[in-house]
Amino acid sequence: MTSVIYKNPLIYKTIMKLLHGKGYRRRYVLISKEVEDLKVLDLCCGDCELEKYVKNYRGADFNSVFVKSARKRGIEAIRLDVMNDEIPSAECIVMQASLYHFIPEHKKVLKKVLEKAPKVIISESHVNLAQSNFKPLAWLAKMLTKTSKENSHRFDKEQLFKLYKEFGARKIIVAKREIIGVFENGGKQWEFLLTKLI
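Residues numbered from 1 in each chain as written. Predicted model: local features only at pLDDT ≥ 70, side-chain atom pairs only at ≥ 80, totals over all residues. Heavy atoms only, no water.

### Points about the overall build of the protein chain
Phase 1: Across its full length, the protein chain holds six helices and eight strands.
Phase 2: Starting at the N terminus and ending at the C terminus, the protein chain contains elements arranged as α-α-β-β-α-β-β-α-β-α-α-β-β-β.
Phase 3: Burial analysis of the protein chain (198 residues in total) assigns 52% to the buried set.
Phase 4: Once local pairs closer than 6 in sequence are excluded, the contacts in the protein chain between residues at least 24 apart make up 59%.
Phase 5: As displayed, the protein chain has an accessible area near 10300 Å², and 54% of this comes from carbon and sulfur atoms. (Helix = DSSP H or I, 4+ residues; strand = E, 2+ residues; numbered from the N terminus. Buried < 20%, exposed > 50% of the residue type's maximum accessible area, 1.4 Å probe, protein only. Contact = heavy atoms within 4.5 Å. Areas by Shrake-Rupley, 256 points an atom, 1.4 Å probe, with all protein chains shown as cover.)

Following this line, the structure appears as structure tokens:
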């Protein structure tokens with residue numbers, strides 16, 4: 001059964017703000033700096049919050065509730081199954097806090113995304129309440145972020161660094177809760193690794 005947060009964009013946004021605290025806005029600011037003026041395709045866009053921070057935006061999500069809500073607000077959005085549908089090409093593709101949903105097929109998804117844009121930005125949490133040692137809190141976090149596909153695994157810091165480096169990240173940004181990987185040219189030309197502690 002899918003969590004209630006995926007059935008209402010307002011509930012989704014409220015829960016995300018509670019989970020991320022002060023880091024909620026910071027993530028969007030960091031990503032927007034990497035996007036610059038590029039045309040963005042926001043995969044697994046959720047409530048399309050990123051649209052407020054970039055100039056040229058298009059959202060894509062499997063959840064038709066989010067897509068319909070975005071369109072009602074005048075935001076360009078399409079329904080897209082990242083695993084099975086053709087991903088539209090873009091100048092820049094962003095995926096936030098969603099790659100873990102595709103475990104154990106996450107590498108296949110990342111490879112597919114990298115082939116569709118000269119610049120790709122992946123942001124994933126490395127501090128996860130779903131993996132808390134306090135079992136009631138971990139259970140609640142898992143229930144709140146549960147999709148129709150059962151998957152309780154989350155990335156930790158070491159796993160994300162390893163994954164980003166494996167796929168040729170040009171830059172890795174370590175924020176309070178997230179680790180952001182910036183890939184260019186399909187991740188094939190790894191020039192340097194830059195870590196920022198925010």
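### Looking at the pattern of salt bridges
Pairing between side chains becomes possible if they bear opposite charge and their charged atoms approach one another.
Phase 1: In the structure shown here, the tally under the stated rule is 10 salt bridges.
Phase 2: The shortest N-O distance in the salt bridge between E115 and K111 comes to 2.8 Å. (Salt bridge = Lys/Arg side-chain N within 4 Å of Asp/Glu carboxyl O.)

### What to know about the environment of S125
Phase 1: By the secondary structure assignment, S125 is in strand β5 (residues 119-125).
Phase 2: When the C-alpha atoms of S125 and K176 are compared, they prove to be 9.0 Å apart, with 51 residues separating the residues in sequence.

### Structural notes on the pairing of strand β4 (residues 92-96)
Phase 1: Burial analysis of β4 places five of its five residues in the buried class, the great majority of the element.
Phase 2: Judged from the four bridges that link them, strand β1 (residues 39-43) and β4 form a sheet pairing that is parallel. Bridging from a neighbouring strand, V40 pairs with C92 of β4.
Phase 3: Bridging between β4 and β5 involves five bridges; their strand directions are parallel. Its bridge partner lying in β5, C92 is registered against K119. (Pairing = 2+ DSSP bridges.)

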